[in-house]
Amino acid sequence: FGIPNSPLAQPWSIVGGNMVAAAIGVTAAMTIPYAPLACGVAACLAIAVMFQLRCLHPPSGAVALTAILGGGHVHQLGYHYILTPILLNSLCLALLAIIFNNLAGRRYPHPLAAAEAKPAPVALDVPITRDDLHQALESGELLDIDEDDLRQLLQRAEAIAVQRQARAR
């Protein structure tokens, strides 16, 4: 909700990441009797698999750990823990994020790129200094940056740099 342009906050990351982490957490809980070791293995594997599947979602680490540390009720659920509460709650959360962000006028969700596109470089006529970037960031509230926001930020920074050079002459 706070950074809807982040790839980590897209529906695939929420649902896929939570499902992967839940499956790994349940498996670790069932196969590794020492909970601290199971937690370490589950967290490490969950991050690695989510990264490979492009569904990295940081809160999913807690999903894996809950499968191990959640107590008797969670352990009783076994692999059903993946479907309910995890899948059900993840779908509800993703749906709520879609509704909320669209009501707020934000473009959400962002589609996954089929392949990493190599955009054309941004041509800069003047060098941009750190101060130029700082001034550009101060001129607008940019808490959530996507490609369009970054392009706009660079264009603002370039205009500031041009003005700076004009004043120096």
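Draft legend 1. Expanded view of the overall build of the chain. Helix and strand counts for the chain come out as seven helices and zero strands. Helices (α) and strands (β) of the chain occur, in sequence order from the N terminus, as α-α-α-α-α-α-α. A total of 169 residues make up the chain; the buried ones form 33% of that total. Taking the intrachain contacts of the chain between residues at least 6 apart in sequence as the baseline, contacts between residues at least 24 apart amount to 75%. Carbon and sulfur atoms make up 67% of the accessible area of the chain, which amounts to about 10800 Å² in all.

Draft legend 2. Spatial organisation of the side chain of Ser90. Structurally, Ser90 can be placed in helix 5 (residues 80-103). Residues contacting Ser90, with those up to four places away along its chain left out, are Ile14, Val15 and Asn18.

Draft legend 3. Structural context of the side chain of Ser60. The topology assignment puts Ser60 in helix 3 (residues 60-69). Exposure remark for Ser60: the relative accessible area of 0% places this residue in the buried category. Setting aside chain neighbours within four positions, we find Ser60 in contact with Gly17, Asn18, Ala21 and Met50.

Draft legend 4. The arrangement of helix 3 in detail. Burial in helix 3 covers these residues: Ser60, Val63, Ala64, Ala67 and Ile68. Seen end-on, helix 3 carries its buried residues on one side only, within an arc spanning 140°. The inward-facing, buried residues of helix 3 abut helix 1 (11-31), helix 2 (35-52), helix 4 (72-77) and helix 5. Positive backbone phi, approximately 95°, marks Gly71, located one or two places after helix 3.

Draft legend 5. Region of interest: the packing of aromatic side chains. For the structure shown, the criterion picks out one aromatic pair. Relative to Phe100, the ring of Phe1 lies with its centre 5.3 Å away and its plane at 70°, an arrangement referred to as edge-to-face. Here Phe1, found in the segment before helix 1, pairs with Phe100, found in helix 5; they are 99 residues apart in sequence, far enough to count as distant. We classify Phe1 as partly exposed; its relative accessible area is 42%. The exposure class of Phe100 is partly exposed, given its relative accessible area of 39%.

Draft legend 6. Layout of the nonpolar core. Counting residues in hydrophobic clusters, the biggest one holds 21 residues, and the most contacted among them are Ala22, Ala28, Ala42, Ala46, Val63, Ile68 and Tyr81. Of all the secondary-structure elements, those providing two or more residues to this core are helix 1, helix 2, helix 3 and helix 5. Looking at which element gives the most residues to this core, the answer is helix 1, with six residues.

Draft legend 7. The arrangement of unusual backbone geometry in detail. In this structure, the amide linkage connecting Thr84 to the following residue, Pro85, adopts the cis form with an omega of 25°. As for its placement among the helices and strands, Pro85 is situated in helix 5. Along the chain, Tyr108 connects to Pro109 via a cis peptide bond; the corresponding omega equals 0°. Looking at the secondary structure, you find Pro109 in the loop between helix 5 and helix 6 (130-138).

Conventions we followed
Residues numbered from 1 in each chain as written. Predicted model: local features only at pLDDT ≥ 70, side-chain atom pairs only at ≥ 80, totals over all residues. Heavy atoms only, no water. Helix = DSSP H or I, 4+ residues; strand = E, 2+ residues; numbered from the N terminus. Buried < 20%, exposed > 50% of the residue type's maximum accessible area, 1.4 Å probe, protein only. Contact = heavy atoms within 4.5 Å. Areas by Shrake-Rupley, 256 points an atom, 1.4 Å probe, with all protein chains shown as cover. Arc of directions from axis to C-beta. Phe/Tyr/Trp six-rings, centres within 6.5 Å; stacked < 30°, edge-to-face > 60°. Core = buried A, V, L, I, M, F, W, Y, C linked by side-chain atoms within 4.5 Å.

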